[in-house]
Structure formats: structure tokens, C-alpha cells
Amino acid sequence: MDNPDYEKQSSAISRKLTEYPSRLWRMIATKWRSFRTWESERYSWKISDFGNITIVRESSGNYLASIKTTLTYINTDRRCPLDIFPSHLMYISHIGSGRESDYYKLSTQDLGIQRVAPEGSLNVEHTFSMRTGAPPLLSGTAKCIIRGNVTGEMNLPGGLIKGTLTLNGNNTFDTKVTKEWIRE
């Protein structure tokens, strides 16, 4: 009493039973990977405050241009703290035309590991500066652009995950230029 329909049905059922655990494991693995992956919308940074550019003529004859800027680093993840490694550069130029619109590159020495609490934010004041032998062609109002990457890492129980924080808002702003000359 061989029934070919019965054999087809039983093979189809056994195939479904063998596929079910693999689909279940794939679903579990997908959830686990999403728990361990870097979700860029959770981690960001923005410019929260900035000062004026100050140009100082030092007694040695060099010129020092500096600006203080407060950057806010945001961690909306509730799992664990976020360690960040900022590497910012600021480019400034006179708002005008011709040679005066060349950019000057300012760097910061405030680079180091910062820790942002879970579901928290951290305000860090960076001082961007540049030393030059000739006076910078800046006066009145200057345009500032902050560029660079902010990388971060989280040490989760399942392992270490790394990624880049996204910029929340605009990375350009205009500010005033003040000059101070030190008399010898």
C-alpha cells in the first residue's frame, strides 16, 4: 500500500521541521548582531557655543590666532558609556573676496579620550590655535568651518564595537575677529 501522496506530504513536513530551527537561529543571530552593531543615529556631536577669534602679536614677533569652541557629544544609547576620540581641525577665512578668502588651518591640543555617560551628553571646550610669522589676513568677521572625525567605541558584554559619531547640525559659523598687539 504505497501512497505517493503521503510520501510527498511527509517529506514536505520534514523539510519544514528541519528549516524551522535554522530560521529561528538566523532570527536570533540577526537580533544579536543588531545589539552589537554601531547605530549611527544614537551617537552624535554638535557645536553648542563659540567665541571670537583673537589674534595676538607676541613679543617674539609671531602671531597667535585662537578661538574657544564648545562642542557637545551626545550618547542616546542606554547600554553603557561611550569613549570618544575627537580629531577636529578648524578652517577660518575672512569673509570677502580675493586673497583674503584663503583659509587658515587651526588645530587643537585638547584631543584625548572623553567618556560620555549612557543616555547623556558631554560639553567639551576646545581651544583651536595657530601660530604664524606674518599677521593673518583676518579682520571684521571670519567664517569658521570645523572638520574632522569623531570616532568612538563601546565595550559591551558581547564585545567591543566601534564607529563614527555623526554631525548634528551645521559645522560652519561666522564670528568676529579681535586683535591685540603686545608692546615690547
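Everything here concerns the structure above.
Residues numbered from 1 in each chain as written. Predicted model: local features only at pLDDT ≥ 70, side-chain atom pairs only at ≥ 80, totals over all residues. Heavy atoms only, no water.

**Structural notes on the pattern of salt bridges**
A complete count under the given rule lists three salt bridges for this structure. Across the salt bridge formed by Arg115 and Asp83, the nearest N and O atoms sit 2.7 Å from each other. Here Arg115 is found in strand S6 (residues 114-116), whereas its partner Asp83 is found in strand S4 (residues 82-94), with 32 residues between them in sequence. You can call Arg115 exposed: its relative accessible area is 54%. (Salt bridge = Lys/Arg side-chain N within 4 Å of Asp/Glu carboxyl O. Helix = DSSP H or I, 4+ residues; strand = E, 2+ residues; numbered from the N terminus. Buried < 20%, exposed > 50% of the residue type's maximum accessible area, 1.4 Å probe, protein only.)

**Quick word on a nonpolar patch on the surface**
A contiguous nonpolar patch, built from Leu24, Met27 and Ile28 and spanning about 260 Å² of accessible area, is present on the exposed surface. Counting through the fold element by element, Met27 comes out in helix H1 (residues 4-36). According to the relative accessible area criterion, Met27 is exposed, its value standing at 52%. (Patch = residues over 30% accessible without salt bridge, like charges linked within 9 Å, V, L, I, M, F, W, Y side chains within 5 Å. Areas by Shrake-Rupley, 256 points an atom, 1.4 Å probe, with all protein chains shown as cover.)

**Description of the nonpolar core**
In this structure, Tyr73, Met90 and Leu165 are the most contacted members of the largest nonpolar core, which totals 32 residues. Mapped by element, the contributors of at least two residues to this core are strand S1 (43-50), strand S2 (53-57), strand S3 (63-75), S4, strand S7 (120-132), strand S8 (141-156) and strand S11 (172-181). In terms of residue count, S8 provides more of this core than any other element does, six residues in total. (Core = buried A, V, L, I, M, F, W, Y, C linked by side-chain atoms within 4.5 Å.)

**Notes on the packing of aromatic side chains**
Applying the stated criterion across every chain, the model contains one aromatic pair. Here Phe50 and Phe173 contribute two aromatic rings whose centre-to-centre distance is 4.0 Å and whose plane-to-plane angle is 25°, an arrangement assigned as stacked. Of this pair, Phe50 sits in strand S1 while Phe173 sits in strand S11, placing them 123 residues apart in sequence. Taking relative accessible area as the criterion, Phe50 reaches 34% and is therefore assigned partly exposed. In this structure, Arg147 packs its charged tip against the face of Tyr91, placed 5.3 Å from the ring centre. (Phe/Tyr/Trp six-rings, centres within 6.5 Å; stacked < 30°, edge-to-face > 60°. Lys NZ or Arg CZ within 6 Å of the ring centre and 35° of its normal.)

**Describing the environment of Ile95**
Locating Ile95 in the fold gives a position in the loop between S4 and strand S5 (104-108). Given a relative accessible area of 43%, Ile95 falls into the partly exposed group. Separated by 47 residues in sequence, Ile95 and Ala142 place their C-alpha atoms 5.4 Å apart.

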